[in-house]
Amino acid sequence: MLTWQAEDGHALEGVRMIPGHGGGFRALGRMVRVEPDGGFTASYRLVVGDDGTLARLSVTSATAERERHLTINRTDDGIWLLDTGSGTGAVRDDCAGAVDVDLAFSPMFNTIPIRRLDLHRQAGEHTLPMVFVSLPDLEVRVAEQTYRTVSELDEATGHAEIAFTWGDFAADLVVDAEAVVTTYPGLARRLQPAAS
């Protein structure tokens, strides 16, 4: 179980992460964000394949006014199927060759490319097309993000540091031995379990 609190104190994200084989895992998450205009809640189910690429993401978001749904599947031939549950069926898109998804406000999703590329264990730099999903409206667009190893995993601290840039935004993410984000400056910090 993982929990992040937003740096501004107005949001929480809780995730149950279930490791699979190789680099694969499943995650069940819920986010709550309080905004001056009412905020939103969102829940998601994430499946990452053994090769570390996203296989499926289902997201539901809700505001006081409405609820929205989005399901994203990536086929073996690299085509993305985007379904809003509106009854019109899935839209097919190659999403500029992206293999990763980033969900707004969520540190969990930065883990996917860092883990897949093993950037916490061996130095590297990658600029990637990313399927970005906004919240609460669940709009999908392709964005370009760069991940670069600042420091590899330190066995003493159990942490590595990864530089993340997207347009004019930059932050040095701290990740643990499983490449799960512990600190995302400007966004959130992972909470430690309470002492018993």
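Residues numbered from 1 in each chain as written. Predicted model: local features only at pLDDT ≥ 70, side-chain atom pairs only at ≥ 80, totals over all residues. Heavy atoms only, no water.

> How would you summarise unusual backbone geometry if you had to cite specific residues and measurements?
Omega for the peptide link from leucine 135 to proline 136 comes to 5°, which places this bond in the cis form. Residue placement: proline 136 occurs in the loop between β10 (125-133) and β11 (140-154). Although it is not a glycine, alanine 96 sits at a positive phi angle of roughly 55°. Take alanine 96: it is sitting in the loop between β8 (91-93) and β9 (100-103). Positioned with a positive phi, leucine 138 is a non-glycine residue whose angle comes to about 60°. Counting through the fold element by element, leucine 138 comes out in the loop between β10 and β11. A relative accessible area of 8% means that leucine 138 is categorised as buried. (Helix = DSSP H or I, 4+ residues; strand = E, 2+ residues; numbered from the N terminus. Buried < 20%, exposed > 50% of the residue type's maximum accessible area, 1.4 Å probe, protein only.)

> Could you give an account of the packing of aromatic side chains, naming the residues involved and the relevant values?
The geometry of an aromatic ring pair is captured by the separation of the ring centres together with the interplanar angle, meaning the angle of the planes. Going through the model one piece at a time under the given rule, you end up with 7 aromatic pairs. Between the aromatic rings of phenylalanine 164 and tyrosine 184, the centroid separation amounts to 6.0 Å while the plane-to-plane angle is 70°, which identifies the pairing as edge-to-face. In this pair, phenylalanine 164 sits in strand β12 (residues 159-166) while tyrosine 184 sits in strand β14 (residues 181-184), placing the two residues 20 residues apart along the sequence. In this pair, the class of phenylalanine 164 matches that of tyrosine 184, namely buried. Counting every residue linked through ring pairs, the aromatic cluster contains Tyr147, Phe164, Phe169 and Tyr184. (Phe/Tyr/Trp six-rings, centres within 6.5 Å; stacked < 30°, edge-to-face > 60°.)

> Lay out the pairing of β11 with the relevant residues and their values.
In the sheet, β10 pairs with β11 via 9 bridges, with the strands oriented antiparallel. Considered in β11, the bridge of valine 133 is made with valine 140. A loop of 6 residues connects β10 with β11, the two strands running antiparallel in sequence, and leucine 138 in this loop sits at a positive phi of about 60°. Pairing of β11 with β12 involves 6 bridges; the strand directions are antiparallel. Across the sheet, serine 151 pairs through a bridge with glutamate 161, a residue of β12. Between the antiparallel neighbours β11 and β12 lie 4 residues, among them glycine 158 with a positive phi of about 75°. (Pairing = 2+ DSSP bridges.)

> Residues and numbers for the layout of surface pockets, please.
In this approach a probe as big as a water molecule rolls over the atoms, and the regions it shows empty are the leftover space. Of the voids in this model, the largest pocket is the one considered here, and its volume is about 220 Å³. Looking at the lining of the largest pocket, the elements with two or more residues in it are β9 and β12. Class assignment for the residues of the lining of the largest pocket results in 9 nonpolar, 3 polar and 1 charged. (1 Å grid on protein atoms, 1.4 Å probe; cavity = no way out; pocket = protein on both sides within 12 Å on 5 of 7 lines; lining within 4 Å. Points joined across faces, edges and corners; volume = space filled by probe spheres on them. Nonpolar A, V, L, I, M, F, W, Y, C, P; charged D, E, K, R; others polar.)

> Before we move on, could you go through the pattern of salt bridges and cite the residues and values that matter?
Once the charged atoms of two side chains with opposite charge are near each other, the side chains can pair. Under the definition given, this model contains 5 salt bridges. The salt bridge involving aspartate 8 is made with arginine 33; its shortest N-O contact spans 2.6 Å. Taken together, the positions of aspartate 8 in the loop between β1 (2-6) and β2 (11-19) and arginine 33 in strand β3 (residues 25-33) put the pair 25 residues apart, joining distant regions of the chain. On the basis of relative accessibility, which here comes to 42%, the residue aspartate 8 falls in the partly exposed class. Among the salt bridges present, the one from arginine 190 reaches aspartate 176, with a minimum N-O distance of 3.2 Å. Placement of the pair is arginine 190 in strand β15 (residues 188-190) and aspartate 176 in the loop between β13 (169-175) and β14, with a sequence separation of 14 residues. We note that arginine 190, like aspartate 176, is buried. Counted as one network, the salt bridges with shared partners bring together Asp8, Arg33 and Glu35. (Salt bridge = Lys/Arg side-chain N within 4 Å of Asp/Glu carboxyl O.)

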